[in-house]
Every structure is written in C-alpha cells, then in structure tokens.
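Report on the structure
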Amino acid sequence: MVPEAGHQRFRLKIQLMAVSEDRTIIAIPAGSEVVLLDSIEVSTPTDPPKQVSVQWLDQKLKLFAIDLFERAERL
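Report on the accompanying structure. Each chain carries its own residue numbering, running from 1 in the written order of its sequence. Thresholds applied to this predicted model are a pLDDT of at least 70 for local features of residues and 80 or more for the giving and counting of side-chain atom pairs; totals over whole chains, interfaces and linings are not thresholded and use all residues. Neither water nor hydrogens contribute to the side-chain values; these are computed over all heavy atoms in the structure.

Along its length, the protein chain carries one helix and seven strands. Each helix is a run of H or I in the DSSP string that is no shorter than four residues. Each strand is a run of E no shorter than two, and both are numbered from the N terminus. If you list the helices and strands of the protein chain from N to C, you get β-β-β-β-β-β-α-β. Looking at the protein chain as a whole, 33% of its 75 residues are labelled buried. In short, Shrake-Rupley with a 1.4 Å probe defines the accessible areas, and a residue's cover is counted only from the protein chains shown. As displayed, the protein chain offers around 5000 Å² of accessible surface, 51% of which is attributable to carbon and sulfur atoms. Burial classification: accessible surface area is computed with a 1.4 Å probe over protein chains only, and a residue below 20% of its type maximum counts as buried, one above 50% as exposed, and the rest as partly exposed.

Structure follows, in structure tokens:
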C-alpha cells in the first residue's frame, strides 16, 4: 500500500496501540513513522474519542486521533 500524495506523516514519540482491520491489537514502536489516511481536525477535550486510519508499514490500522496528535510529531 503506497500512501497518496498529500497525506500527513507522523513520527511516534512513544509506543502507541492500534487495531488492525481484523481487530488484532498492534503495538507501533516509538520512532515509527505512520501516514494519516483520514482528513480530520484536531479533537477538543469535549469531543468523543475519534479513531483515525493510519498506514504503518504495509498495514492499515486504527488509532485514537488524540494519541496521534499528542504523542507524535508531524513530519
């Protein structure tokens, strides 16, 4: 799977937990790069938790948007 141009890339500051399409829990190690596949706005504390799709290696995974924005740096 090759990310489309314009998708945002992030480097994880700490390990994050994600869920695969078959609902397997995956640990993405600190220092890994992921590509955000969804277009979203940063959540506010009053918003319900939102999951976003990311690509890591050749896997499409879901993780919480707040984790991505608070525990990763945009590249």
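That covers the picture; the talk isn't over yet.
Another point: the pattern of salt bridges. Think of a salt bridge as a Lys or Arg side-chain nitrogen and an Asp or Glu carboxyl oxygen that are within 4 Å of each other. Taken as a whole and judged by the stated rule, the model has four salt bridges. Note that Glu 33 and Arg 11 form a salt bridge whose closest N and O atoms lie 3.1 Å from each other. Note that Glu 33 is positioned in strand β4 (residues 33-36) and Arg 11 in strand β1 (residues 9-12), a separation of 22 residues in sequence. For Glu 33, a relative accessible area of 35% translates into the label partly exposed. Overall, the relative accessible area of 29% leaves Arg 11 in the partly exposed class.

On to the side chain of Ser 32, then. Counting through the fold element by element, Ser 32 comes out in the loop between β3 (25-28) and β4. A polar contact is formed between the side chain of Ser 32 and the side chain of Trp 56, at a distance of 3.5 Å. By the convention used here, residues are in contact when the closest approach between their heavy atoms is within 4.5 Å. In contact with Ser 32, not counting residues within four places along its chain, are Phe 10, Arg 11, Leu 12 and Trp 56. N or O atoms closer than or at 3.5 Å make up a polar contact, with two conditions inside protein: a donor-capable atom paired with an acceptor-capable one, and, for residues adjacent in sequence, both atoms drawn from side chains.

Bringing the sheet that holds β1 into the picture now. If DSSP finds at least two bridges between two strands, the strands pair. Read across the sheet, seven strands follow the order β3-β2-β6-β5-β4-β1-β7 without closing on themselves; strand pairing throughout is antiparallel. Sheet topology places β3 and β7 (72-74) at the edges, where each strand pairs with a single neighbour. In this sheet, adjacent strand axes meet at a mean angle of 40° when their direction is disregarded. Here β1 runs beside β7; their pairing, made up of three bridges, is antiparallel. Paired with Leu 12 across the two strands is Ala 72, which belongs to β7. Lines fitted to the C-alpha atoms define the axes, with helices restricted to the stretch that makes contact. Angles between their N-to-C directions range from 0 to 180 degrees.

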